[in-house]
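Descriptive structure summary
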Amino acid sequence: MILVLNAGSSSLKVEVFTSDLTSVLSGAVTSIGTDGAIKLGDETVRTKTANHADALAQMLDALAHAGITLDKLTAAAHRVVHGGTILTQPARVTPQVIAAIESAIPLAPLHNPNNLAAMLALQAVAPGLPQYASFGTAFHATNPAVATRYAIPQTEHDAGIRRYGFHGLSYAGMVASFGTALPARLLALHLGNGASLCAIKDGRSIATSMGYSPLSGLTMGTRSGDIDGAAVLRISAALGEDETDRMLNKNSGLKALGGDNDMRSLLNRHDAEAAFAVDHFCYWAARHAGSAIVAMGGVDAVAFTGGIGENAAPVRDKIMAFLACFGDVPVHIIAADEEKQIARDALTLMGPA
Ligand code: ADP
């Protein structure tokens, strides 16, 4: 069995897969660092965890109680948000890979340190267990230089200021779920709290809407999406860096436009403010879609995933109405399953049993 771990800023999610990629159990430790809870299967127990290493120790205990002891695991596989420029493919966790994840900390300061903490804590209690890592940015490593380069001086580019793109595990999982039926030019939209889209040509990402960080591109639940850098400078001069960061990442997007970051609630309301927020979301998704379709030289199919993409038919319909100018394009709805993709990556690296 493979244990997939996803260490977020204050949570640790786990999911156990068999070697044929069947999910057998999933759970999470929430509110790490304070009074939180540990959930596994249908059971939830309140608990207090000091840090990610402590959360992992408690989760391993809970898994053992559920019959999944360490000796039953053949591997652990981690989700790592940012692979930087070095980690462009899933990898076995080695000292070199750990150093590369450390070097990408400035790019994902809230996430990469927790991913590392989970790896090192697991290594300490299970030194013989092979560990693997899949990177949220890696799927977009195939984007050409014209797509990843910002038109700013080379020194800044060399310092890491370039487009990376995110949601890569979701897009890689989507490609895997199409199998041999994968359309040649696929416009993929991952619409959840975070939202992005990706031009997938012959199974490879060639353009994506997120950039240096997950802030850019589409209007999102609480993130602004694209905004002029000069406007950010002015806001930052007035409010300071931290408050600007909070505003653009946590208090913008649907929340700023409609007073609520939850698409389902907005669709259930029938006032002008909610309608404008939904319209803004769909309009900008379609504007970015046009850009991605041009990068592919056309589109053969559109695929939606994520909480909004999978469930909000009115949003899909509005976006597709804009895209009617590209002809009658087939639409697919694919369940997002990043954990399964991480397990798949580990299995591929492990090779035949
Ligand atoms: P995250 O990016 O945090 O993983 P999700 O992919 O779960 O988020 O997506 C959350 C979004 O999906 C929320 O805006 C939520 O309202 C929306 N959503 C979930 N179910 C529905 C539904 N049935 N109808 C409309 N929107 C939905």
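All values derive from a computational prediction rather than experimental measurement. (Residues numbered from 1 in each chain as written. Predicted model: local features only at pLDDT ≥ 70, side-chain atom pairs only at ≥ 80, totals over all residues. Heavy atoms only, no water.)

**A short note on the overall build of the chain**
The number of helices and strands found in the chain is 14 helices and 13 strands. Computed over C-alpha atoms, the radius of gyration of the chain comes to 20 Å, within 12% of the 20 Å expected from 2.2 N^0.38 for 353 residues, which places it in the range of a compact globule. Along the three orthogonal principal directions, the C-alpha set of the chain runs to about 55 × 50 × 50 Å. In the chain, which comprises 353 residues, the share counted as buried stands at 48%. Here the analysis covers contacts within the chain between residues at least 6 apart in sequence; of these, 63% occur between residues at least 24 apart. Of the roughly 16,300 Å² that the chain leaves accessible, carbon and sulfur atoms contribute 54%. (Helix = DSSP H or I, 4+ residues; strand = E, 2+ residues; numbered from the N terminus. Rg over C-alpha atoms; globule rule 2.2 N^0.38 Å. Buried < 20%, exposed > 50% of the residue type's maximum accessible area, 1.4 Å probe, protein only. Contact = heavy atoms within 4.5 Å. Areas by Shrake-Rupley, 256 points an atom, 1.4 Å probe, with all protein chains shown as cover.)

**A closer look at the pattern of salt bridges**
This structure, assessed with the given rule, holds 6 salt bridges. With a closest N to O distance of 2.8 Å, Glu-243 and Arg-246 form a salt bridge. You can see Glu-243 and its partner Arg-246 sitting in helix α8 (residues 241–250), 3 residues apart, about one turn around the helix. Judged by its relative accessible area of 31%, Glu-243 falls in the partly exposed class. Residue Arg-246 is classed as partly exposed on the basis of its relative accessible area of 43%. Of the charged contacts, one joins Asp-279 and Lys-318 as a salt bridge, the two residues approaching to 3.1 Å between their closest N and O atoms. Of this pair, Asp-279 sits in helix α11 (residues 272–296) while Lys-318 sits in helix α13 (residues 313–322), and the two are 39 residues apart along the sequence. Exposure remark for Asp-279: the relative accessible area of 35% places this residue in the partly exposed category. Residue class for Lys-318 comes out partly exposed when judged on its relative accessible area of 35%. Salt bridges linked by common partners bring Arg-269, Asp-271 and Glu-273 together as one network. (Salt bridge = Lys/Arg side-chain N within 4 Å of Asp/Glu carboxyl O.)

Without other data, these values stay purely geometric and don't point to any function.
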